[in-house]
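Residue-level structural notes
What follows is the residue order along each chain.
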Amino acid sequence: MENFEIIEDKTLELTFIVKDESHGVCNALRHILMQNPDVEYAVYNIDHPLTGKPEMTIKTKRGKRPRNALQKAAEQLQKESDEFKKLIDEALE
């Protein structure tokens with residue numbers, strides 16, 4: 001995937017860059033990740049507000065894989081986005 005670059009992939013920690021995204025998507029993803037009881041923490045940083053690329057780190061609890069937590073969170077974010085779009089579409093009809 002062009003817009004996603006894994007920086008570090010350890011057993012309990014995953015660090016990656018999400019290109020062409022901003023605080024909106026990263027903060028929503030972080031929020032969903034933090035609701036997962038398997039996630040110890042999920043943080044992101046953007047070095048420069050205009051040119052920086054978000055770098056996110058997910059740390060999971062022992063025996064849990066951060067890749068699985070990320071996949072689950074991405075699916076949840078997609079579902080919530082679809083539901084929100086449907087509400088907007090219905091409101092504008």
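Residue numbers restart at each chain and count upward from 1, following the sequence in its written direction. Only residues with pLDDT of 70 or above have their local features reported here, since the model is predicted, and side-chain atom pairs are shown and tallied only from 80 upward, although totals for entire chains, interfaces and linings are computed over all residues. Excluded from the side-chain calculation are hydrogens and water; included are all heavy atoms of the structure.

- As annotated in an unreviewed UniProt entry, the protein carries the name DNA-directed RNA polymerase subunit Rpo11 and is attributed to Methanobrevibacter gottschalkii DSM 11977.
- UniProt positions are given in the numbering used here, feature names are shortened, and annotations may be inferred rather than shown by experiment. The record held by UniProt for the protein lists under Subcellular location (unreviewed entry) the comment "Cytoplasm".
- Its UniProt record gives the protein a comment under Catalytic activity (unreviewed entry), which states: "RNA(n) + a ribonucleoside 5'-triphosphate = RNA(n+1) + diphosphate".

**Topic: helix H2 (residues 66-92)**
- Between its first and last C-alpha, H2 extends 39 Å over 27 residues, near the 39 Å set by a 1.5 Å rise per residue.
- Residues Pro-66, Ala-69, Leu-70, Ala-73 and Leu-77 constitute the buried set of H2.
- The secondary structure elements touched by the buried residues of H2 are strand E1 (4-9), strand E2 (13-18), helix H1 (23-34), strand E3 (39-45) and strand E4 (55-60). The way it works is that DSSP assigns letters per residue, a run of H or I at least four long becomes a helix, a run of E at least two long becomes a strand, and they are numbered from the N terminus. For a helix, the expected span equals 1.5 Å multiplied by the residue count minus one. We call a residue buried when its accessible area falls under 20% of the maximum for its residue type, exposed when it is over 50%, and partly exposed in between, using a 1.4 Å probe and counting protein chains only. Contact definition: two residues touch when any of their heavy atoms are within 4.5 Å.

**Considerations on the UniProt feature "domain: DNA-directed RNA polymerase RBP11-like dimerisation" (unreviewed entry) in the protein**
- Per the UniProt record, "domain: DNA-directed RNA polymerase RBP11-like dimerisation" (unreviewed entry) is found at residues 13-86.
- Structurally, residues 13-86 is divided into 45% helix and 26% strand, and its ends, taken at the C-alpha atoms, are 35 Å apart.

**Structural notes on the nonpolar core**
- Grouping buried Ala, Val, Leu, Ile, Met, Phe, Trp, Tyr and Cys residues that are joined through side-chain atoms within 4.5 Å yields what is termed a nonpolar core. Ranked by internal contacts, the top residues of the largest apolar core, which has 15 residues, are Phe-16, Leu-29, Leu-33, Val-39, Met-56, Ile-58 and Leu-70.
- Elements with a minimum of two residues in this core: E2, H1, E3, E4 and H2.
- Not counting chain neighbours up to four residues away, the residues in contact with Leu-29 comprise Met-56, Leu-70, Ala-73, Ala-74 and Leu-77.

**Section: the pairing of E1**
- When DSSP finds two or more bridges between two strands, those strands count as paired. Bridge count between E1 and E2: five bridges; the pairing is antiparallel. Considered in E2, the bridge of Asp-9 is made with Leu-14.
- Hairpin connection between E1 and E2: a loop of three residues separates the two successive antiparallel strands.

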